[in-house]
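What follows is the residue order along each chain.
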Amino acid sequence: FFLTENDRTGPLKRFTVSHRRGKKTKDWKGMLETAEGETEYLFLEPCSEEFRWVRNRAVASYSAGRVYPKAAGMIRNKNMLVFVSQTNDAIVTLDLDAMKYAVQNLHLGGSPHQLLALKDGSILVSQEDGSMPGIHIKDKDGNICTLLRGMRIRYVGDRIGGLALSPDQKRLYFSFESAGRLFELTRNDGKPIDDMKCA
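Just so it is clear, the model here is predicted, and its values are computed rather than measured.

Looking now at helix 2 (residues 57-67). Taken together, the buried positions of helix 2 are Ala60, Ser61, Ser63, Ala64, Gly65 and Val67. Packing partners of the buried residues in helix 2 comprise strand 3 (37-44), strand 4 (51-54) and strand 8 (100-105). Among the residues of helix 2, the N-terminal cap falls to Asn56, whose side-chain oxygen and the backbone nitrogen of Ala58 are separated by 3.0 Å.

Right, dumping it as structure tokens:
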């Protein structure tokens, strides 16, 4: 299990549950509260593209504060773990097999908040704060572009939340949290949301 703390020096945490034979449960919350296992923290090597898991929280907190402060919005796709640094307006990608990482600045003009993976390998990134919160696309080639922005005065400084896709990937749902508005977005051509590229 992986967990972000959304704190300036809060390191990303990995909890590995010890295997217990004969005990199966669907109560994940209860299992996490009572399970035996090992907790480790993410340390990004500052002078290379490598990372490692450490047991020393203080060491990992130093790394978090320097490289990925206020980690949030995590998704996992096979061997790739992706999360955002809200303070640095950046997206961090970990290759869990190769033990390599990459940091990409987003230049959104606000803090990235939530991530939503699309089938084609693109990622939707919601943005909070800033003058116009929005939803942005990081396509599979690494390009960043804007899908939409809340430009009315009622959305200034608001936060976009609840990113979700319909099962057929043709409807995107999101909300402006402070304004209390929920939206459903579809394409005029009827194609899935994940069939998009940054121009």
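What follows concerns the sheet that holds strand 2 (residues 13-17). Ordered in space as 1-2-3-4, the 4 strands form an open sheet in which the pairing is antiparallel. Two strands lie at the open edges of the sheet, namely strand 1 (2-3) and strand 4, each paired on one side alone. In this sheet, strand 2 lies alongside strand 1 in antiparallel orientation, the contact comprising 2 bridges. Residue pairing for strand 2: Leu3 is matched across the bridge by Lys13.

Let's shift gears to the pattern of salt bridges. A complete count under the given rule lists 8 salt bridges for this structure. A salt bridge links Lys100 to Glu50; its shortest N-O distance comes to 3.5 Å. You can see Lys100 sitting in strand 8 and its partner Glu50 sitting in the loop between strand 3 and strand 4, a full 50 residues away along the chain. When its relative accessible area of 40% is taken as the criterion, Glu50 is described as partly exposed. For Asp189, the salt bridge identified is with Arg187, shortest N-O distance 2.7 Å.

What counts, and at which threshold
Residues numbered from 1 in each chain as written. Predicted model: local features only at pLDDT ≥ 70, side-chain atom pairs only at ≥ 80, totals over all residues. Heavy atoms only, no water. Buried < 20%, exposed > 50% of the residue type's maximum accessible area, 1.4 Å probe, protein only. Helix = DSSP H or I, 4+ residues; strand = E, 2+ residues; numbered from the N terminus. Contact = heavy atoms within 4.5 Å. Polar contact = N/O pair within 3.5 Å; in protein donor to acceptor, adjacent residues only side chain to side chain. Pairing = 2+ DSSP bridges. Salt bridge = Lys/Arg side-chain N within 4 Å of Asp/Glu carboxyl O.

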